[in-house]
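Secondary and tertiary structure notes
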Amino acid sequence: MLASGAGSLLASLIERSRRPGSVFEIVAVGVDRDCAAVSIAQDAGIASFTCRVADHPDRAAWDDALRDLTDQAAPDWVVTAGFMKILGPRFLGRFGGHIVNSHPALLPSFPGAHGVADALAHGVKVTGTTVHLVDDGVDTGPILAQRAVQIADDDTADTLHERIKIIERELLADMVTALVAKGVVIEGRKARIP
Ligand code: GRF
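These remarks concern the structure in this document. Model, not experiment: these values are computed from the prediction. (Residues numbered from 1 in each chain as written. Predicted model: local features only at pLDDT ≥ 70, side-chain atom pairs only at ≥ 80, totals over all residues. Heavy atoms only, no water.)

Considerations on the site of the ligand
- Taken together, the residues surrounding the ligand are Gly5, Ala6, Gly7, Ser8, Leu9, Gly82, Ser102, His103, Pro104, His161, Lys165 and Glu168.
- Between Glu168 and the ligand, the recorded distance is 2.3 Å, taken from a side-chain N or O atom to an oxygen atom.
- Notes on the ligand: free accessible area 370 Å², of which the protein chains cover 90%.
- When residues in the shell around the ligand are grouped by element, the largest group, three residues, is from helix H6 (residues 157-182). (Near = heavy atom within 4 Å. Polar contact = N/O pair within 3.5 Å; in protein donor to acceptor, adjacent residues only side chain to side chain. Areas by Shrake-Rupley, 256 points an atom, 1.4 Å probe, with all protein chains shown as cover. Helix = DSSP H or I, 4+ residues; strand = E, 2+ residues; numbered from the N terminus.)

Describing the nonpolar core
- Core analysis: the largest hydrophobic core is formed by 31 residues, its most contacted members being Leu13, Ile26, Leu144 and Leu172.
- The set of elements that each furnish at least two residues to this core consists of helix H1 (8-17), strand S2 (29-31), helix H2 (36-43), strand S6 (126-133), strand S7 (143-150) and H6.
- Once residues lying within four places of it in the same chain are set aside, the contact partners of Leu144 are Val100, Val131, His132, Leu133, Met175, Leu179, Val184, Ala191 and Ile193.
- Formed by 15 residues, the second largest nonpolar core is a distinct cluster that contains Cys51, Ala65, Val78 and Ile99. (Core = buried A, V, L, I, M, F, W, Y, C linked by side-chain atoms within 4.5 Å. Buried < 20%, exposed > 50% of the residue type's maximum accessible area, 1.4 Å probe, protein only. Contact = heavy atoms within 4.5 Å.)

Quick word on the pattern of salt bridges
- In total, this model carries 14 salt bridges according to the counting rule given.
- The salt bridge partner of Asp155 is Arg163, with a shortest N-O separation of 2.5 Å.
- A relative accessible area of 11% places Asp155 in the buried class.
- Residue Arg163 is classed as partly exposed on the basis of its relative accessible area of 30%.
- Overlapping salt bridges bring together Asp64, Arg67, Asp68 and Arg90 as one network. (Salt bridge = Lys/Arg side-chain N within 4 Å of Asp/Glu carboxyl O.)

What to know about the side chain of Glu168
- Summarising the element assignment, Glu168 is placed in helix H6.
- Put simply, Glu168 is tucked away with no salt bridge, and the nearest opposite charge, on Lys165, sits 6.7 Å away.
- Discounting chain neighbours no more than four positions away, the residues touching Glu168 are Leu9, Ser102, His103, Pro104 and Thr129. (Lys, Arg positive; Asp, Glu negative; His and termini not counted.)

Looking at the side chain of Thr80
- Structurally, Thr80 can be placed in strand S4 (residues 78-80).
- At 2.8 Å, the side chain of Thr80 and the side chain of Asn101 are in polar contact.
- With residues up to four places along the chain from it excluded, the contact list for Thr80 reads Leu2, Leu87, Ile99, Val100, Asn101, Ser102 and Val134.

Quick look at the structure:
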């Protein structure tokens, strides 16, 4: 898993991976900055690494380093959960088709780093969460699953995001379970789990 923030999605996947009958385990956690996700991984006894853009001469070198550090863990799937960097062509070349992301909006609406605030600012009454495969765009890969979340009149971006995360945790864990157990079929822009 790749993360950059509070790591609540990471924590929920660790919990799901350790339930009886789980079909997946988290073999490593990669971050691009100092963040709570690192201590969550360490407390769970999961290997972690930090790969900062600023520690590399350019973005391509960072892309190479992130690919190689991730490759050392030999994952079957890469899950980006709050990872705030666009994955580069080298990383995608190695793991493309096996990278799944969770986004706190109903794509294609409100892509990018501020999807929750953008939905609130736009005045929509329903937003939600999207689990999708990662391609070379920003939140543009084939969609695997979505769930709707009603926006309350008194919602702030924070209260809304926390409510989305509750739904998001379950959906992402369900989708990771299904992907590991059954794989995915991609037909044009559409993805489905057989
Ligand atoms: C999640 O809502 C995810 O969809 C978005 O960033 C948030 C990460 O939350 N990309 P956390 O860092 O796992 O708490």
